[in-house]
Amino acid sequence: MSNDKSDDEFFELGLQVRKEVLGDEYVEAALAESNDLDEEFQRWITSTAWGAIWGRPQLSRRDRSLITITQLASLGKLEELSLHLKATKNTGLSRDDIKEALMQVGVYSGIPAANAAFKIAKKVFEEMVD
């Protein structure tokens, strides 16, 4: 992390961004469910991923969301992909955006990765309608 913010400042920024993207309920539950095994990890991802990276102004939340979704789909990280697909209601990505991103995954990361991601996306979007 850069020297212009303290660890506590990155954590506070990360907490704000994480809640704005994933929702208060999800973030508060993740933090409340942490214990001595993963408490430090939760603080670290909040500070680094959400504060030091998602908190940077150079890319919009929409752009970061799109990048994250394609990376998670490409890597086959389907649980995290599901979480970030649900967050699209907060990041401004449409279903058409997701479709195009997953088509891109198919070309550059492989059809099996895109196929699995499309299955997750269909399930998540069906649940979001209810």
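Each remark here, short or long, concerns the structure printed above.
Residues numbered from 1 in each chain as written. Predicted model: local features only at pLDDT ≥ 70, side-chain atom pairs only at ≥ 80, totals over all residues. Heavy atoms only, no water.

Moving on, we come to the overall build of the chain. What the chain contains, in helices and strands, is 8 helices and 0 strands. Tracing the chain from N to C terminus, the helices and strands come up as α-α-α-α-α-α-α-α. Scaling as 2.2 N^0.38, a compact globule of 130 residues should have a C-alpha radius of gyration of about 14 Å, and the chain matches this with 15 Å. Per-residue burial for the chain yields a buried fraction of 36% across its 130 residues. Sequence separation of at least 24 residues holds for 65% of the intrachain contacts in the chain that already meet a minimum separation of 6. With 16 positive and 23 negative side-chain charges, the chain shows a spacing of 7 Å between the two charge centroids. (Helix = DSSP H or I, 4+ residues; strand = E, 2+ residues; numbered from the N terminus. Rg over C-alpha atoms; globule rule 2.2 N^0.38 Å. Buried < 20%, exposed > 50% of the residue type's maximum accessible area, 1.4 Å probe, protein only. Contact = heavy atoms within 4.5 Å. Lys, Arg positive; Asp, Glu negative; His and termini not counted. Charge placed at Lys NZ, Arg CZ, Asp CG, Glu CD.)

The subject of this paragraph is the packing of aromatic side chains. Taken as a whole and judged by the stated rule, the model has 2 aromatic pairs. Measuring from ring centre to ring centre gives 6.1 Å for Phe41 and Trp44, while their planes differ by 40°; the resulting arrangement is tilted. In this pair, Phe41 and Trp44 both sit in helix H3 (residues 39-53), 3 residues apart, roughly one turn of the helix. In this structure Trp44 comes out as exposed when scored by relative accessible area, which is 51%. (Phe/Tyr/Trp six-rings, centres within 6.5 Å; stacked < 30°, edge-to-face > 60°.)

Here the focus is the environment of Glu126. When you line up the elements, Glu126 lands in helix H8 (residues 111-129). By relative accessible area, which is 54% here, Glu126 ends up exposed.

For an α-helix the count is 3.6 residues per turn, leaving residues at separations of three or four pointing the same way. For helix H4 (residues 61-75), built from 15 residues, the straight-helix expectation of 21 Å at 1.5 Å per residue is met to within 8% by its first-to-last C-alpha distance of 21 Å. All of the buried residues along H4 are Arg64, Ser65, Thr68, Ile69, Leu72 and Ala73. End-on view of H4: buried residues confined to an arc of 160°, all on one side of the axis. Its buried side turned inward, H4 meets H3, helix H5 (78-86), helix H6 (88-91), helix H7 (95-109) and H8. Just past H4, the residue Gly76 takes up positive phi, approximately 75°. (Expected span 1.5 Å × (residues − 1). Arc of directions from axis to C-beta.)

A word on the side chain of Arg18. Relative to the assigned elements, Arg18 resides in helix H1 (residues 7-22). We note that Arg18 is buried and unpaired, the nearest opposite charge coming from Glu80 at a distance of 7.4 Å. Not counting chain neighbours up to four residues away, the residues in contact with Arg18 comprise Gly23, Tyr26, Val27, Ala30, Leu31, Gln42, Ile45, Thr46 and Trp50. (Salt bridge = Lys/Arg side-chain N within 4 Å of Asp/Glu carboxyl O.)

Right, let's get into the packing of H4 against H7. At a minimum axis separation of 9 Å, H4 and H7 run at an interaxial angle of 40°. It follows from the interaxial angle that H4 and H7 lie oblique. For the pair H4 and H7, the sense of crossing is right-handed. Note on element contacts: H7 touches H4 through Asp97, Ile98, Ala101, Leu102, Val105 and Ser109, opposite Arg62, Leu66, Ile69, Thr70, Ala73 and Ser74. Of the residues in the contact of H4 with H7, the class split is 7 nonpolar, 3 polar and 2 charged. (Axes fitted to C-alpha atoms, helices over the stretch in contact; angles between N-to-C directions. Parallel < 35°, antiparallel > 145°, perpendicular 65-115°, else oblique. Left-handed = near helix turned anticlockwise from the far one by under 90°. Nonpolar A, V, L, I, M, F, W, Y, C, P; charged D, E, K, R; others polar.)

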